[in-house]
Amino acid sequence: MKKYTLHLLALISLVSLPFTKSMADEGMWLPSLIHERIADMQSKGLKLSAEDLYSINNSSLKDGIVRFGRGCTGELISSKGLLITNHHCGFGQIQSHSSLEHDYLTNGFWAMNLNEELPNPGLTVSFLVRMEDVTERVLKGYTEQMDEETRLGIIAENSKLIISEVEKEGIGYKADILPLFYGNTYYLFLYQVFSDVRLVGAPPSSIGKFGGDTDNWMWPRHTGDFSLFRIYADKDNNPAPYSPDNVPYTPKKFFEISTQGVNEGDFTFVYGFPGSTREYIISDEADFIANRSNPHKIALRTARLGIQKKYMESSPAIRIQYASKNASVANAWKKWQGESKGINKLGTVDSKRELESAFSEWAAGKEEYSSVVESLKEKFSAMEEILFVNDYYMEAPLSVEALRFAVSYTKSAQKNRDNLRAEFFKDYCQQIDRECFVEVMSRFVENIDSLYHPKIFTKMMEESDGSIEKLAESLFEKSCFTCESRLIGATDQELADDPFVILGSAFMERFTDLLALVGKEKSQLDLLYRRYVKGLREFMPEKSFYPDANLTLRIAYGTVQGYKPADGITYLHRSTIDGILQKDNPDIYDYNIPQSLRDLCANKDYGRWEVDGTVPVAFIATNHTTGGNSGSPVIDAEGKLIGVNFDRVWEGTMSDIAFDPELCRNIALDIRYALFVIDRLAGASHLIDEMVID
Ligand code: ARG
Ligand code: GLU
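Everything quoted here is computed from the prediction, not taken from an experiment. Here, residues in each chain are numbered from 1, in the same order as that chain's written sequence. Each chain takes a letter, starting from A, and each ligand takes a number, starting from 1, following the order in which they are written. Reporting of local features is limited, given that this is a predicted model, to residues whose pLDDT is at least 70; pairs of side-chain atoms are given and counted only at 80 or more, and all residues count toward the totals for whole chains, interfaces and linings. No hydrogens and no water enter the side-chain calculation; it runs on all heavy atoms of the structure.

1. Some thoughts on the pairing of strand 19 (residues 641–648)
For step 1, the next point in the chain: In terms of residue burial, strand 19 counts as a mostly covered element, since 8 of its 8 residues are buried.
For step 2, the next point in the chain: DSSP-based pairing: two strands are paired if at least 2 bridges between them are found. The secondary structure listing takes helices from DSSP runs of H or I that are at least 4 residues long and strands from runs of E that are at least 2 residues long, numbered from the N terminus. One ladder, built from 3 bridges, connects strand 18 (residues 633–635) with strand 19; its direction is antiparallel. Paired with Val 634 across the two strands is Gly 643, which belongs to strand 19.
For step 3, the next point in the chain: The antiparallel hairpin formed by strand 18 and strand 19 contains 5 residues in its connecting segment, where Gly 639 sits at a positive phi of about 90 degrees.
For step 4, the next point in the chain: Here 5 bridges tie strand 19 to strand 20 (residues 666–670), and the two strands are oriented antiparallel to one another. Within strand 20, the position partnered with Asn 645 by the bridge is Ala 668. Think of it in three bands: residues with accessible area under 20% of the maximum for their type are buried, residues over 50% are exposed, and the middle band is partly exposed, with areas taken using a 1.4 Å probe on protein chains only.

2. Here's the deal with the confidence of the model for the protein chain
For step 1, the next point in the chain: Residue-level confidence of the predictor is summarised by pLDDT, bounded by 0 at the bottom and 100 at the top. Chain-level pLDDT for the protein chain is 95 on average; 97% of the residues reach the 70-or-more range.
For step 2, the next point in the chain: In this analysis, two residues are considered to be in contact whenever any of their non-hydrogen atoms come within 4.5 Å of each other. A low-confidence stretch, residues 1–23 (pLDDT under 50), is modelled with 46 contacts involving residues beyond four sequence positions or located in other chains.

3. Let's talk about the pattern of salt bridges
For step 1, the next point in the chain: We define a salt bridge as a contact between a side-chain nitrogen of Lys or Arg and a carboxyl oxygen of Asp or Glu at a distance within 4 Å. Using the criterion set out here, one finds 41 salt bridges in the structure.
For step 2, the next point in the chain: Arg 230 is the salt-bridge partner of Glu 117, the closest N and O atoms lying 3.0 Å from each other. Placement of Glu 117 in the loop between strand 4 (109–110) and strand 5 (118–119) and of Arg 230 in strand 10 (residues 227–233) is noted, with a sequence separation of 113 residues between them.
For step 3, the next point in the chain: Looking at Glu 117, the relative accessible area reads 6%, which means it is buried.
For step 4, the next point in the chain: On the accessibility criterion, Arg 230 (2% relative accessible area) is buried.
For step 5, the next point in the chain: Linking Arg 221 and Asp 647 is a salt bridge whose minimum nitrogen-to-oxygen distance equals 2.9 Å. Taken together, the positions of Arg 221 in the loop between helix 9 (212–215) and strand 10 and Asp 647 in strand 19 put the pair 426 residues apart, joining distant regions of the chain. The pair Arg 221 / Asp 647 is uniform in exposure class, with both members buried.

4. Topic: the sheet that holds strand 19
For step 1, the next point in the chain: Strands sit in the order 13-12-18-19-20-17-16 across an open sheet of 7 strands; the sheet is antiparallel. Only two strands of the sheet have a single partner each, and these edge strands are strand 13 (554–559) and strand 16 (574–576). Across this sheet, the average inter-strand angle for adjacent strands is 30 degrees, counted without regard to direction.
For step 2, the next point in the chain: Sheet topology note: the strand 17 (residues 616–621)/strand 20 ladder contains 4 bridges and is antiparallel. Following the sheet pairing, Phe 619 is matched in strand 20 by Ala 668.
For step 3, the next point in the chain: In the packing of helix 24 (residues 671–681) onto the sheet, contacts are made with strand 17, strand 19 and strand 20, and the angle to strand 20 comes to roughly 35 degrees. Throughout, an axis means a line fitted to C-alpha atoms (over the contacting stretch in the case of helices), and angles, computed between N-to-C directions, take values from 0 to 180 degrees.

5. Some details on the pairing of strand 20
For step 1, the next point in the chain: Summarising burial for strand 20: 5 of the 5 residues are buried, a large majority.
For step 2, the next point in the chain: Where burial is concerned, the two faces of strand 20 agree: the one with Asn 666, Ala 668 and Asp 670 and the one with Ile 667 and Leu 669 are both buried.

6. Some points on unusual backbone geometry
For step 1, the next point in the chain: With an omega of 0 degrees, the peptide bond running from Trp 219 to Pro 220 counts as cis.
For step 2, the next point in the chain: On the secondary structure map, Pro 220 appears in the loop between helix 9 and strand 10.
For step 3, the next point in the chain: One non-glycine residue, Asn 237, adopts positive backbone phi at about 70 degrees.
For step 4, the next point in the chain: At Asp 465, a residue that is not glycine, the phi angle is positive and equals roughly 55 degrees.
For step 5, the next point in the chain: Mapping Asp 465 onto the fold places it in the loop between helix 17 (455–463) and helix 18 (468–478).

As structure tokens, this is what we get:
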């Protein structure tokens, strides 16, 4: 025992792996187990109890938080169902209500009364009713001797039963059962889902997306990244599909807002739905992500972004059409760069290697664990190529808009087609798609073995004398999926013979096969990871482990703190409206603030939101967050809302794989800036009046 302790100590000083550090501020904790962390949280400043954060009997903070849409978080800020999330989380909705006549992207949108709030078909918000460890029930009937496939079959069967049982408990209930720690544990997540969610307010993009993709993932930041929505329910306060008869939802809990602000060193926590992390992967996988997969994906997107930019700058209509698509392409593109850099700077691959050898030394002679690292390495190396091809498929052929659309359109029911078509062509620019096709498919041919090319693609290439340009010309000129009037007039036979339908189906088919293969291999890999993580927990009994993020509700806590991004530079923990004026530049799209904001600032007309002659805009803290945490409440020691999470700093984006307390910071919008914009800029004081502010 002693020997291992010594060994561990040596290891702690050697490596900066998440699970060897002094747990500084790393971790995304399960709310239902927060009682295990509460003493630590309280010692750092929290004034609340575990029951205040998560309770299934009484209302608790969790009841004021929703999973917003497919990958964001939002929090309730009034007794009338008003919620705040990020501008970039509502971006798709804001964009879809926008046109050249009603350009809400450019001018912002503010409903001045309930009647003006805009419905958003397809958008849902989900409240967590409860989470529960169901491992025993899920694994009922399983024995260690069974193979992975049988195990998964049993889990699926048992889960189905549990889910159908709990979904009967309430209206709009929807349940998930998900593995944690690669299937060492299974949890039930029961949600209540609301589908009438209306847009209430959004600042102009020049505020909500201020700094654009130049500032994205960066600190210091001055983005007013928020938007407001309202949840509607039927007369009994239950979820109901959109209806003009629905009324604002009365939540069990909503956040009171504090305008006291934060100082460096203050305790904060973030309560939301982080999407995905992979903190426990082996060195080879981290190396693959940082040094092979990311660089290729980045290069493909660099090419697409260049083309989009050229056209967006040439036409205001195209700028609106591609605003949302461009933002999402740019977002991951920039994150991957920070992530790769961070992993290499931190030496994550090496430190993981060291951990693996220390673990293997400990595991020697232990039947369950002795060969697990080696097996993981073998398995990963055997599947690396298909992972790479899979990534490439996503980023190259499947990024071609007309190709994807051709497949989904022909698969859709006749009655939906008019809508689909209108929606697609509203935001489609053939030239962009065509130039992107040439770029990404040339790289596809260059980097992906022909073994993985669909036969029909090879044939089409031959017919085009091996020229992607020539292939593009014939595809884009002949297909009905690049021209709305052609598509409207197309007969069934023409659809079936359409070159993009043929090519798209072939790529989709290969991709589906690939996915199945990756899935199968991954389940084998996960089986090994399951054993490895179980072993790690025995190897380091003194460390608290947290499960990887999986878009379920988590609590991360830390303190407000600046950081040192590089030698000679220290960043402060907060930014103010003065910085917006410093960046303001009418000639640069991303930094061209509305004249109304310029005027307010010139007169220092900050109203009650003024602090020391300025208005706070954003702050950073050591909370461990990831994509999906966007829109999450950033909460003070007393449980009051002080900010809205919207990003991480670039130097810390490797925290999905390795958290470094020196560099990893979440970025939050200071709630006072949002209130200032709503009040002074939008003149929507009726919304301020709904909130409880101190
Ligand atoms: N980086 C943030 C996130 O991952 C914000 C993204 C939206 N903003 C943008 N400029 N693309 O979602
Ligand atoms: N902007 C991200 C989101 O949409 C949050 C940033 C991050 O990845 O931490 O969830």
